[in-house]
Amino acid sequence: GMIVDEEKKQGLKDGVLHFTRNVHRLLVYQHTSRVDGNIREDGDEVWNEYLDAKANKHLVWGKFCGLNNIDTIVRGIKKGEMWVHAAFTGELKTTFALNWAYNLVTRYRYNVCYVTLEMPYEQVRKIMYVMHSSNGKWKSKGYKPLDYDKVYAGDLTPEEEDFYKIVCDDFKNNESYAKFDVWGPEDEVNIDDIQQYVELKHQENEVNLLVIDHGGLMEPRKRKRNKDYTIELNSILRDTKKMALHFNHGEKIPILLLFQINRDGKDWADKNEGRYKLRALSYANECERSADVITTTYLNEEHRTNGTVLFDCLKRRDGVLFQPFLAKVDWPTRRIRNHKQFQGGDDKGMSIDDLKFGQTIGVNGMFEV
């Protein structure tokens, strides 16, 4: 028995967990971040930072989600940022996160680590493979997207089964796609457990985005446990932001944290055209302070019938908010796309839908082959 950080460690399990959570400290890192200094002496460095940003926009932009109305304003989630996406139960929190992850992995070629505390690993996996059946490359070959419910129930036609096998093989073997690690822990986890897992993955392949689904299901650190749920939840938010800033000894990492909206907030939005207020975030006033960006999705029966979802932005620390907009939802595949009817036709943007195969985002928002 030993007391470490005010916690008693005893036995094989505690010993192994302590080692795995701290072994990364034995590794040597190339990345460090500056944490103090007299900024009045940094004029040359600040100017050079601007010149670097001007010449290499792909280095200062973040990881795009694939929706024009968000990406052209926010320009992606950056390293060190905590982006909170909130919605009421069943209103596309997870679906938005999985679409973001899918776009990064298949089109932008960035590695994603997805921590699911609500759905089992197998469910996330099945959703992603069905979503892949909606990839634009299949349409030119005469295939139609599959229906998740039919896949789940084993009710595909023979032709659909043949296509599903093609989809599975492509998603597994296509070397142009990035890595997509999913972890559905059996036990309750806190931010230390998640950081230890992701940093080990990061040593194998750089993790470009971490998704935590969702914040309300995380445990606080033991020394921060409290009878007051609000205090616990706020400590989770602060610690998650600290992880974004200090991940891998200061290298930083972008974190997309999903969050639950309360019933009062939903009732307010129902009466106000789907627009939420920050107070709608359940028990989490720390969101207003720690989050760099806060976005929401909203559904009602009209949206469900029309296949649309309303996106809104409640906070952006480093710039203007994007305006509320409608996106298109394909319910059978859970695919979210730009709704061109509300975007002036076929205007090009930085969306996944605007890219042709073999193209990537250029430094000025243009396309390069």
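Structure: see above.
Residues numbered from 1 in each chain as written. Predicted model: local features only at pLDDT ≥ 70, side-chain atom pairs only at ≥ 80, totals over all residues. Heavy atoms only, no water.

A short note on the nonpolar core
Applied cut-off: What is meant by a nonpolar core is a set of buried Ala, Val, Leu, Ile, Met, Phe, Trp, Tyr and Cys residues, joined one to another through side-chain atoms within 4.5 Å. The buried label goes to any residue with under 20% of its type's maximum accessible area, the exposed label to any with over 50%, and the partly exposed label to all in between, with areas taken from a 1.4 Å probe on protein chains only. Elements are defined by DSSP. Helices are runs of H or I of four residues or more, strands are runs of E of two residues or more, and each kind is numbered from the N terminus. In what follows, a contact means two residues having at least one pair of non-hydrogen atoms within 4.5 Å.
The biggest cluster of nonpolar side chains holds 53 residues, and the ones touching the most others in it are Ile70, Leu98, Trp100, Phe180 and Phe311. With nine residues, helix 5 (residues 93-108) is the single largest residue contributor to this core. With residues up to four places along the chain from it excluded, the contact list for Leu98 reads Tyr114, Met119, Val124, Ile127, Met128, Met131 and Phe180. With 37 residues, the next largest nonpolar core counts Cys113, Val115, Val189 and Leu310 among its residues.

As for unusual backbone geometry
Note the cis peptide between Asp213 and His214, where omega equals 0°. A positive phi angle, near 55°, is found at Arg75, a position not held by glycine. Within the secondary structure, Arg75 is located in the loop between helix 4 (68-74) and strand 3 (82-87). Positive phi outside glycine occurs at Asn248, with the angle close to 55°.

Observations regarding the sheet that holds strand 8 (residues 293-298)
This is how the line gets drawn: Strands qualify as paired when DSSP identifies two bridges or more between them. All axes are obtained by fitting lines to C-alpha atoms, using only the stretch in contact for helices, and the reported angles, taken between N-to-C directions, cover 0 to 180 degrees.
The mixed open sheet is built from nine strands, whose spatial order is 5-4-6-7-3-8-9-10-11. A strand with exactly one partner marks an edge of an open sheet, and here the two such strands are strand 5 (180-183) and strand 11 (335-338). Within this sheet the neighbouring strands show an average axis-to-axis angle of 25°, counted without direction. Two strands pair when backbone bridges link them, and strand 3 and strand 8 are joined in this way by four bridges, in the parallel orientation. The partner of Trp83 across the bridge, within strand 8, is Val293. Most of the contacts of helix 5 go to strand 7 (residues 255-260), to which it runs at about 165°, and overall it touches strand 3, strand 4 (112-116), strand 5, strand 6 (209-213), strand 7, strand 8, strand 9 (308-316) and strand 11.

So, the packing of aromatic side chains
Both the distance between ring centres and the angle between the ring planes are used here to describe each pair of aromatic rings. Going by this rule: Aromatic rings from Phe, Tyr and Trp, with only the six-membered ring used for Trp, were paired whenever their centres fell within 6.5 Å, and each pair was classed as stacked if the ring planes differed by under 30 degrees, edge-to-face if by over 60, and tilted otherwise. Two conditions define a charge located above a ring, namely a distance within 6 Å from the ring centre to NZ of Lys or CZ of Arg, and an angle within 35 degrees of the ring normal.
What the rule picks out here adds up to 17 aromatic pairs. An angle of 50° between the planes, with centres 5.5 Å apart, marks the rings of Phe96 and Trp100 as tilted. Taken together, the residues span about one helical turn, with Phe96 and Trp100 both in helix 5 at a distance of four residues. There is no split in this pair, since Phe96 and Trp100 are both buried. Through a chain of ring-to-ring contacts, three or more aromatic side chains come together here, namely Trp83, Phe96, Trp100, Phe311, Phe322 and Phe325. We note Arg279 situated over the ring of Trp268; from NZ or CZ to the ring centre the distance is 5.1 Å. Between Arg334 and the ring centre of Tyr148, over which it is positioned, the NZ or CZ distance is 4.3 Å.

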